[in-house]
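These are the residues of each chain, in order.
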Amino acid sequence: MYNKYLIQLATSPIDPNDLEVNDWKLNKFFFDQNPWELGRIEDVDRKVALDELKGLFPSDSILDSDKGTIDLPSDLNYLLETIDRLKNIVLNPFKGFNALYSWWHRDVCLFGDILIYFENGELFTLPEFLFYAKDEGIKKVYIGTVYSYDY
């Protein structure tokens, strides 16, 4: 069983009285027959999750876990790094076929088991969110509730 994180982000500060993402908002992603179980993680684990998230963001991003903010990269370095990484994957293709999903999200997608629940009610993998934020001109986001899910 692997520990994974679902992190709530928004473009404006999240009211401390409204940190929780309501269950009904997540039901479309985590319904009864879904193999994942979703549960809130404690503050001590929140720091671990945010440290893991920090390691997955592009190096020119600034994640301040004390303030609960993330300054996103302002240039296209992340896109260029992604293109270079994908070229390397094409030149050195995956040779085993018993763990395709793990290979895909670890080496190709690089979402590192981090899912982003964004303010508009959408669920993104981390790379999807970074490209979405770049397209929308989002430069700073605020961190809300951090959840864990296991599969």
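First, a word on what this report is: a plain description of the structure on this page.

Cut-offs and rules
Residues numbered from 1 in each chain as written. Predicted model: local features only at pLDDT ≥ 70, side-chain atom pairs only at ≥ 80, totals over all residues. Heavy atoms only, no water. Buried < 20%, exposed > 50% of the residue type's maximum accessible area, 1.4 Å probe, protein only. Helix = DSSP H or I, 4+ residues; strand = E, 2+ residues; numbered from the N terminus. Pairing = 2+ DSSP bridges. Salt bridge = Lys/Arg side-chain N within 4 Å of Asp/Glu carboxyl O. Patch = residues over 30% accessible without salt bridge, like charges linked within 9 Å, V, L, I, M, F, W, Y side chains within 5 Å. Areas by Shrake-Rupley, 256 points an atom, 1.4 Å probe, with all protein chains shown as cover. Phe/Tyr/Trp six-rings, centres within 6.5 Å; stacked < 30°, edge-to-face > 60°. Lys, Arg positive; Asp, Glu negative; His and termini not counted. Charge placed at Lys NZ, Arg CZ, Asp CG, Glu CD. Core = buried A, V, L, I, M, F, W, Y, C linked by side-chain atoms within 4.5 Å. Contact = heavy atoms within 4.5 Å.

**Observations concerning the pairing of strand E5 (residues 114-118)**
Part 1: Taking burial as the measure, the five residues of E5 include five buried ones, the bulk of the element.
Part 2: Of the two faces of E5, both are covered, the one formed by Ile114, Ile116 and Phe118 as well as the one formed by Leu115 and Tyr117.
Part 3: With three bridges connecting them, E5 and strand E6 (residues 123-125) associate as antiparallel partners. By the bridge assignment for E6, Tyr117 is matched with Leu123.

**Some words on the pattern of salt bridges**
Part 1: A full pass over the atoms with the stated rule returns two salt bridges.
Part 2: A salt bridge links Lys47 to Asp51; the nearest nitrogen and oxygen atoms lie 3.6 Å apart. Of this pair, Lys47 and Asp51 are both found in helix H2 (residues 43-56), four residues apart, which corresponds to roughly one turn of the helix.
Part 3: When its relative accessible area of 44% is taken as the criterion, Lys47 is described as partly exposed.
Part 4: Two residues, Asp71 and Lys140, come together in a salt bridge whose shortest N-O distance is 3.8 Å. A residue pair is termed long-range when its members are at least 10 positions apart, and Asp71 in strand E4 (residues 69-71) and Lys140 in strand E7 (residues 140-150) qualify at 69 residues.
Part 5: When its relative accessible area of 27% is taken as the criterion, Asp71 is described as partly exposed.

**Describing a nonpolar patch on the surface**
Part 1: The grouping of Leu76, Leu79, Leu80, Ile83 and Phe131 at the surface amounts to a nonpolar patch, some 400 Å² of accessible area in total.
Part 2: Considering each element in turn, the nonpolar patch owes the most residues, three residues, to helix H3 (residues 77-91).

**With respect to the packing of aromatic side chains**
Within a pair of aromatic rings, the relevant descriptors are the distance that separates the centres and the angle that separates the planes.
Part 1: Counted by the stated rule, this structure contains four aromatic pairs.
Part 2: When the ring of Phe118 is compared with that of Phe129, the centres are 5.1 Å apart and the planes differ by 55 degrees; the resulting orientation is tilted. A residue pair is termed long-range when its members are at least 10 positions apart, and Phe118 in strand E5 and Phe129 in helix H5 (residues 126-136) qualify at eleven residues. Comparing Phe118 with Phe129, the two get one shared label, buried.
Part 3: Where Phe118 meets Tyr132, the ring centres are 5.9 Å apart and the plane angle is 70 degrees; that geometry is what we call edge-to-face.

**Here's the deal with a negative patch on the surface**
Part 1: Together, Asp60, Asp75, Glu81 and Asp84 make up a region of like negative charge exposed at the surface.
Part 2: Turning to its location among the elements, Asp60 is positioned in the loop between H2 and strand E3 (62-64).

**Topic: the nonpolar core**
Part 1: Ranked by internal contacts, the top residues of the largest apolar core, which has 23 residues, are Ile7, Leu9, Leu53, Ile70, Leu72 and Phe129.
Part 2: Secondary structure elements with two or more residues in this core: strand E1 (3-10), H2, E5, H5 and E7.
Part 3: Looking at this core element by element, the count peaks at four residues for H5.
Part 4: Ignoring anything within four residues of it in the chain, the contact list for Ile7 reads Leu50, Leu53, Ile114, Leu115, Ile116, Tyr117, Ile143, Thr145 and Val146.
Part 5: The next biggest cluster of nonpolar side chains, apart from the first, holds five residues, and it includes Leu6, Leu115, Tyr147 and Tyr149.

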